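Descriptive analysis of the structure
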Number of protein chains: 2
Amino acid sequence: MRIAIYGYGNLGRGVEAAVRQNDDMELVAVFTRRDPSTVKVQTEGVKVYNIADAAAHASEIDVLVLCGGSATDLPEQTPEMAKLFNVIDSFDTHARIPEHFANVDKAAKENGHIALISCGWDPGMFSLNRLYANAVLPQGNDYTFWGKGVSQGHSDAIRRVKGVKNGKQYTIPVDAALESVRNGENPELTTRQKHLRECFVVAEEGADLAAIEKEIKEMPNYFSDYDTTVHFISEEELQANHSGIPHGGFVFRTGSTGFNGENKHVIEYSLKLDSNPEFTSSVILAFARAINRLHNEGVNGCKTVFDIAPAYLSPLSGEELRAHML
Amino acid sequence: MRIAIYGYGNLGRGVEAAVRQNDDMELVAVFTRRDPSTVKVQTEGVKVYNIADAAAHASEIDVLVLCGGSATDLPEQTPEMAKLFNVIDSFDTHARIPEHFANVDKAAKENGHIALISCGWDPGMFSLNRLYANAVLPQGNDYTFWGKGVSQGHSDAIRRVKGVKNGKQYTIPVDAALESVRNGENPELTTRQKHLRECFVVAEEGADLAAIEKEIKEMPNYFSDYDTTVHFISEEELQANHSGIPHGGFVFRTGSTGFNGENKHVIEYSLKLDSNPEFTSSVILAFARAINRLHNEGVNGCKTVFDIAPAYLSPLSGEELRAHML
């Protein structure tokens, strides 16, 4: 399987690393908006091209992995590239998925390609777990918690505060809430009861720390609905202890069965990830394998993780899967 | 969807209860080896027939749920019934799955039916989680723990010991092992390090309790490789505190990503079930929905949970799933 990367940031580098773990895959090209001569990839022999030249390489690539952002990149790029390639993206603006799906589906179908959108862990593996658990336990409640992990959006928001030089924000599930859900208590939880926000802030010299802390804690949408703690640290501490991009979370469904709902069940799925972009990349490549196979079977159009039979994700044959993994 | 049950034990009753939670399903018949007049079902209007009369009702049934045991019932019944119906079973003798699959596949294909074998939670939901996690993290380790829950096989073994009137055995994962796996330590665990076995035994009057305890603890295959505790209790206590059939367990995959495997990830799936047969039944019905749809699309032959795209399990449409669950 010949893989190409479109956009060489954290996610693109994650895809590059993940290709090496999959014997049936080969990275053949990286497309960048930058001057290709300034982009150095880590895999020998892989060519770097400007995105303007993508069309010329269509016949060399089985699946193009779109590694741009959901806000402005993917809504444009995924439908556009679906005209030329089989594509996969990690579009994660939940509210705009139906619209994105329709655009990508049209482009893919008109050009005989397959596409898979919104791949990763949420949307992605978490979505799959929500679907399976809802199908199995029709009477029940869903809970999703995120973290402990870095929220890029909240870290960006901190860095926009006056007097802040640098900062990182961790989203942390509240232990008491997790335990209550895990015990089948079916709690109704407010935003504040579900997650904490912890900020590590590097202030500019002479900045008013009290004012920074107040502005962060009272910031609407981002922090005001949460219990937020702010720690002021040095740039060196930030680099030494907070340079990673960990994340993760929990998906629960709690439900009941029996003629009178007398038996309770708890389904829990959780992820603890040292690197959010590398794990996302790993999920993307498993689904890239699947759509490549489906395309070889003649399937076109836009898909999501819901549409892919799990066997397509594995390099093992049906016989091997039944013998060793069932 | 018209569902029928073949074998009315714990699992069959679980299916009967679960049908009521699924608005698109209706229970239309129960087949039993017993004299039908002696079997009283809980759903009004549902006919009970002897299994010998199954063929006469083929046209009334969309999916037949086989609720017999894996040792002797299902290897015979599933291929036989796949000649007449679309069928689903919970065949759980892992080592014999390839052979069972081949037999059922042949019968189903020759007669234009669809079948799904080995459905439930292990095999079933646990298998799915093993597959997804292996596809996503090719470099890593798998761990499966069972319990806390009742093992029918071990409970039966206790009851065969001389001087034992009744008994129940719980399989319990060892907390330290769970924690080590969860922390990404990738331990190599012996049988003894993974699970404990706890037995609640009702002895016959005047029985030699020390001899019973010794015989249980030293029983090969069942107990000798485990740390086993034996509690002697009264029949009343057993009925009051140990009449349920809880079960559950944990599936982990721990793996690494990055150019040098520098980032660690832990994927964990767990189930905590008050009723093993009712949860198994609930999984079966979700997959029964899926195979009925696939059969309506013209798909025949034997399938496993690996072959079913998740969207087929849900009563929601693709649009609804993308809008609300992705």
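Quick notes on the rules
- Along each chain, residue indices are assigned from 1 in the same order as the chain's sequence is written.
- The lettering of chains begins at A and the numbering of ligands begins at 1, in the order of writing.
- Per-residue local features are limited, in this predicted model, to residues with pLDDT of at least 70; the limit for side-chain atom pairs, both in listing and counting, is 80 or more; totals at the level of whole chains, interfaces and linings are taken over all residues.
- For side-chain calculations, the full set of non-hydrogen atoms in the structure is used, while hydrogens and water are omitted.
- Side-chain atoms within 4.5 Å are what join buried Ala, Val, Leu, Ile, Met, Phe, Trp, Tyr and Cys residues into a set we call a nonpolar core.
- The cut-offs for exposure are 20% and 50% of the maximum accessible area for each residue type, with area from a 1.4 Å probe on protein chains only; residues under the lower value are buried, those over the upper are exposed, and the others partly exposed.
- Note on contacts: a residue pair is in contact if any heavy atoms of the two residues lie within 4.5 Å.
- Buried area is calculated as the accessible area (1.4 Å probe) missing from two parts once they are joined, with the contributions of both summed.
- We call two N or O atoms a polar contact when they sit within 3.5 Å, provided that within protein one can donate a hydrogen and the other can accept it, with sequence-adjacent residues counted only if both atoms are side-chain atoms.
- A residue counts toward the fit only if its pLDDT is at least 70 in both copies, and the copies are then superposed by least squares on the C-alpha atoms of those residues.
- A pair of strands is considered paired only if DSSP assigns at least 2 bridges between the two.
- Helix numbers and strand numbers start at the N terminus; a helix is a DSSP run of H or I with at least 4 residues, a strand a run of E with at least 2.
- Convention adopted: a line fitted to C-alpha atoms gives each axis, helices being fitted over their contacting stretch, and angles between N-to-C directions are expressed from 0 to 180 degrees.
- Angular relationships are summarised with four words: roughly parallel below 35 degrees, roughly antiparallel beyond 145, roughly perpendicular across 65 to 115, and oblique for the angles in between.
- Here a crossing is taken to be left-handed if its near helix is turned anticlockwise relative to the far helix by less than a right angle, and right-handed if that turn runs clockwise.
- Residues are grouped as follows: Ala, Val, Leu, Ile, Met, Phe, Trp, Tyr, Cys and Pro are nonpolar; Asp, Glu, Lys and Arg are charged; all remaining types, including Gly, are polar.
- Each pair of aromatic rings taken from Phe, Tyr and Trp, with Trp reduced to its six-membered ring, is defined by centres within 6.5 Å and is described as stacked if the planes are under 30 degrees apart, edge-to-face if over 60, and tilted in the remaining cases.
- The term salt bridge refers to a side-chain nitrogen of Lys or Arg lying within 4 Å of a carboxyl oxygen of Asp or Glu.
- A helix's residues, less one, multiplied by 1.5 Å, set its expected span.

A few words on the nonpolar core. Counting residues in hydrophobic clusters, the biggest one holds 156 residues, and the most contacted among them are Ile3(A), Phe287(A), Ile3(B), Leu64(B) and Phe287(B). If sequence neighbours within four positions are ignored, Phe287(A) has contacts with Ile88(A), Leu116(A), Cys119(A), Leu128(A), Val305(A), Ile308(A), Leu313(A) and Tyr132(B).

Moving on: the interface of chain B and chain A. The interface is formed by 68 residues belonging to chain B together with 68 residues belonging to chain A. Summed over both partners, the interface of chain B with chain A comes to about 6000 Å²; 63% of that surface belongs to carbon and sulfur atoms. The three residues of chain B that bury the most area against chain A are Gln21(B), Phe259(B) and Leu326(B), which together make up 15% of that side's buried surface. For the interface between chain B and chain A, the tally reads 27 residue pairs in polar contact (both at pLDDT 80 or more).

When chain B is fitted to chain A, the residual RMSD is 0.0 Å, and the transformation amounts to a turn of 180° plus an axial shift of 0.0 Å. Taken together, the rotation and translation relating the two chain copies correspond to the operation of a two-fold axis. Measuring from the rotation axis to each C-alpha of chain B, the shortest distance belongs to Ala309(B), at 1.9 Å. Of the interface residues in chain B, 100% have counterparts in chain A that sit at the interface too, so the contact is made through matching surfaces.

Take the sheet that holds strand S7 (residues 140-146) of chain A next. Reading across the sheet, the six strands line up as S7(A)-S12(A)-S13(A)-S13(B)-S12(B)-S7(B) and stay open at both edges, with antiparallel pairing between neighbours. Here the strands that pair on one side only, and so sit at the sheet edges, are S7 of chain A together with strand S7 (140-146) of chain B. Across the sheet, the mean angle separating the axes of adjacent strands is 5° when strand polarity is ignored. Taken together, the seven bridges between S7(B) and strand S12 (residues 247-257) of chain B define a ladder with antiparallel strand orientation. Bridge pairing links Thr144(B) to Val251(B) in S12(B). Where helix H6 (residues 175-182) of chain A meets the sheet, it contacts S7, strand S12 (247-257) and strand S13 (263-273) of chain A together with strand S13 (263-273) of chain B, and its direction lies at approximately 30° from that of S12(A). Running over the sheet, helix H4 (residues 125-136) of chain B touches S13 of chain A together with S7, S12 and S13 of chain B and is turned about 5° from S12(B).

It is worth spelling out the packing of helix H1 (residues 10-19) of chain A against helix H10 (residues 276-296) of chain A at this point. Residues and elements named next belong to chain A. Axis separation between H1 and H10 bottoms out at 8 Å; the angle between their running directions is 55°. Between H1 and H10, the angle falls in the class oblique. Where H1 crosses over H10, the handedness of that crossing is right-handed. Between H1, through Asn10, Leu11, Gly14, Val15, Ala18 and Val19, and H10, the contact on the second element is made entirely by Pro277, Glu278, Thr280, Ser281, Ser282, Ile284 and Leu285. Looking at the contact of H1 with H10 residue by residue, the classes come out as seven nonpolar, five polar and one charged.

With that settled, consider the packing of aromatic side chains. Residues and elements named next belong to chain A. Under the defined criterion, the tally for this structure stands at 17 aromatic pairs over all chains. Arranged with centres 6.1 Å apart and planes meeting at 85°, the rings of Phe145 and Phe252 form a pair that is edge-to-face. Placement of Phe145 in strand S7 and of Phe252 in strand S12 is noted, with a sequence separation of 107 residues between them. Judged by its relative accessible area of 0%, Phe252 is buried. Three or more aromatic residues joined by ring pairs form one cluster here, namely Tyr6, Phe31, Tyr49 and Phe85.

Residues and elements named next belong to chain A. Evaluated as defined, the whole model comprises 34 salt bridges over all chains. For Lys217, the salt bridge identified is with Glu213, shortest N-O distance 2.9 Å. Taken together, the residues span about one helical turn, with Lys217 and Glu213 both in helix H8 (residues 209-217) at a distance of four residues. Since its relative accessible area comes to 33%, Lys217 is described here as partly exposed.

Attention now goes to the pairing of S13(B). Taken across its eleven residues, S13(B) has nine buried, putting it largely inside the fold. Linking S12(B) back to S13(B) in an antiparallel pair, the connection comprises five residues, with Gly258(B) at a positive phi of about 105°.

This paragraph deals with unusual backbone geometry. Residue Pro123(A) is bonded to the preceding Asp122(A) through a cis peptide linkage, with omega at 5°. Geometrically, the link from Gly147(A) to Lys148(A) is a cis peptide bond, its omega value of 0° lying close to zero. Although it is not a glycine, Asn186(B) sits at a positive phi angle of roughly 50°. Within the fold, Asn186(B) resides in the loop between helix H6 (175-182) and helix H7 (191-194).

Backbone hydrogen bonds hold the strands of a sheet together, and the pairing may be parallel or antiparallel. Residue and element names in this part refer to chain B. Strand order in the open sheet made by the seven strands is S3-S2-S1-S4-S5-S6-S14, with parallel pairing throughout. Every other strand in the sheet has two partners, leaving strand S3 (47-50) and strand S14 (301-303) as the edge strands with one partner each. Judged from the four bridges that link them, strand S2 (residues 26-32) and S3 form a sheet pairing that is parallel. The residue of S3 that forms the bridge with Phe31 is Tyr49. In the packing of helix H1 (residues 10-19) onto the sheet, the strands contacted are strand S1 (2-6), S2 and strand S4 (63-66), and the crossing angle to S1 comes to about 165°.

Before going further, it helps to spend a moment on helix H4 (residues 125-136) of chain A. Residue and element names in this part refer to chain A. A rise of 1.5 Å per residue sets the reference length of H4, with its twelve residues, at 16 Å; its end C-alpha atoms lie 17 Å apart and thus fit the reference within 8%. Burial analysis of H4 places twelve of its twelve residues in the buried class, the great majority of the element. Taken as a whole, H4 has its buried residues at Met125, Phe126, Ser127, Leu128, Asn129, Arg130, Leu131, Tyr132, Ala133, Asn134, Ala135 and Val136.

The N-to-C vectors of H4(A) and H4(B) enclose an angle of 170°; their axes lie 13 Å apart at closest approach. Comparing the axis directions of H4(A) and H4(B) gives the class roughly antiparallel. Side by side, H4(A) and H4(B) meet where Met125(A), Leu128(A), Asn129(A), Tyr132(A) and Val136(A) of the first sit next to Met125(B), Leu128(B), Asn129(B), Tyr132(B) and Val136(B) of the second.

Tracing the backbone through its elements, the reader meets Lys40(B) in the loop between S2 and S3. Taking the C-alpha atoms as reference points, Lys40(B) and Thr78(B), separated by 38 residues in sequence, lie 24 Å from one another.

Tracing the sequence through the fold places Phe306(B) in the loop between S14 and helix H11 (318-324). Remark: the alpha-carbon pair of Phe306(B) and Leu131(B), spanning 175 residues in sequence, is separated by 8.0 Å.

Quick look at the side chain of Glu268(B) now. Structurally, Glu268(B) is set in strand S13. A polar side-chain atom of Glu268(B) sits 2.8 Å from a polar atom in the side chain of Arg182(B). Setting aside anything within four residues of it in sequence, one finds Glu268(B) in contact with Glu268(A), Tyr269(A), Ser270(A), Arg182(B), Phe250(B), Val251(B) and Phe252(B).

Keep in mind that these numbers describe shape and distance, not what the molecule does.
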